[in-house]
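Geometric and topological summary
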Amino acid sequence: MEKQNFNDLISKAKAKNQKNTIQKVTPVTTKATEEVQFSFYLEKTLLKQLKQRALDDNESIKNTINKALNMYLNTD
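Residues numbered from 1 in each chain as written. Predicted model: local features only at pLDDT ≥ 70, side-chain atom pairs only at ≥ 80, totals over all residues. Heavy atoms only, no water.

This brings us to unusual backbone geometry. One non-glycine residue, Asn58, lies in the positive phi region at around 55°. Considering the arrangement of structural elements, one finds Asn58 in the loop between helix H2 (44-56) and helix H3 (61-72). (Helix = DSSP H or I, 4+ residues; strand = E, 2+ residues; numbered from the N terminus.)

Put into structure tokens, the structure is as follows:
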């Protein structure tokens with residue numbers, strides 16, 4: 001494409017009155033309980049079992065771990 005044609009295209013694009021994109025504002029969701037990040041290592045087979053259990057129960061791994069810890073610590 002020639003330089004002149006390219007400049008013409010730029011001029012045409014600038015000449016059009018294009019509306020500015022308006023960002024969608026969504027409220028920040030707050031959680032019922034305060035959470036902190038915690039990292040640890042698991043045995044590979046235990047992690048596979050955890051993932052499968054979460055899939056079977058149709059819930060997240062985080063929820064599965066929280067439920068297991070609550071049951072172990074007898075809190076809920």
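Continuing now.
Now for H2. Look at H2: 18 Å from first C-alpha to last across 13 residues, which is about the 18 Å you get at 1.5 Å a residue. At the C-terminal side of H2, Asn58 shows a positive phi close to 55°. (Expected span 1.5 Å × (residues − 1).)

Size it by volume and the largest pocket reaches roughly 260 Å³. Partitioning the lining of the largest pocket into residue classes produces five nonpolar, two polar and two charged. Within this model, the second largest pocket holds a volume of roughly 200 Å³. Residue lining of the second largest pocket: Phe40, Leu42, Leu46, Gln49, Leu50, Thr64, Ile65, Ala68 and Leu69, and that is the complete set. Those elements that place two or more of their residues in the lining of the second largest pocket are H2 and H3. At four residues, H3 tops the list of elements feeding residues into the lining of the second largest pocket. (1 Å grid on protein atoms, 1.4 Å probe; cavity = no way out; pocket = protein on both sides within 12 Å on 5 of 7 lines; lining within 4 Å. Points joined across faces, edges and corners; volume = space filled by probe spheres on them. Nonpolar A, V, L, I, M, F, W, Y, C, P; charged D, E, K, R; others polar.)

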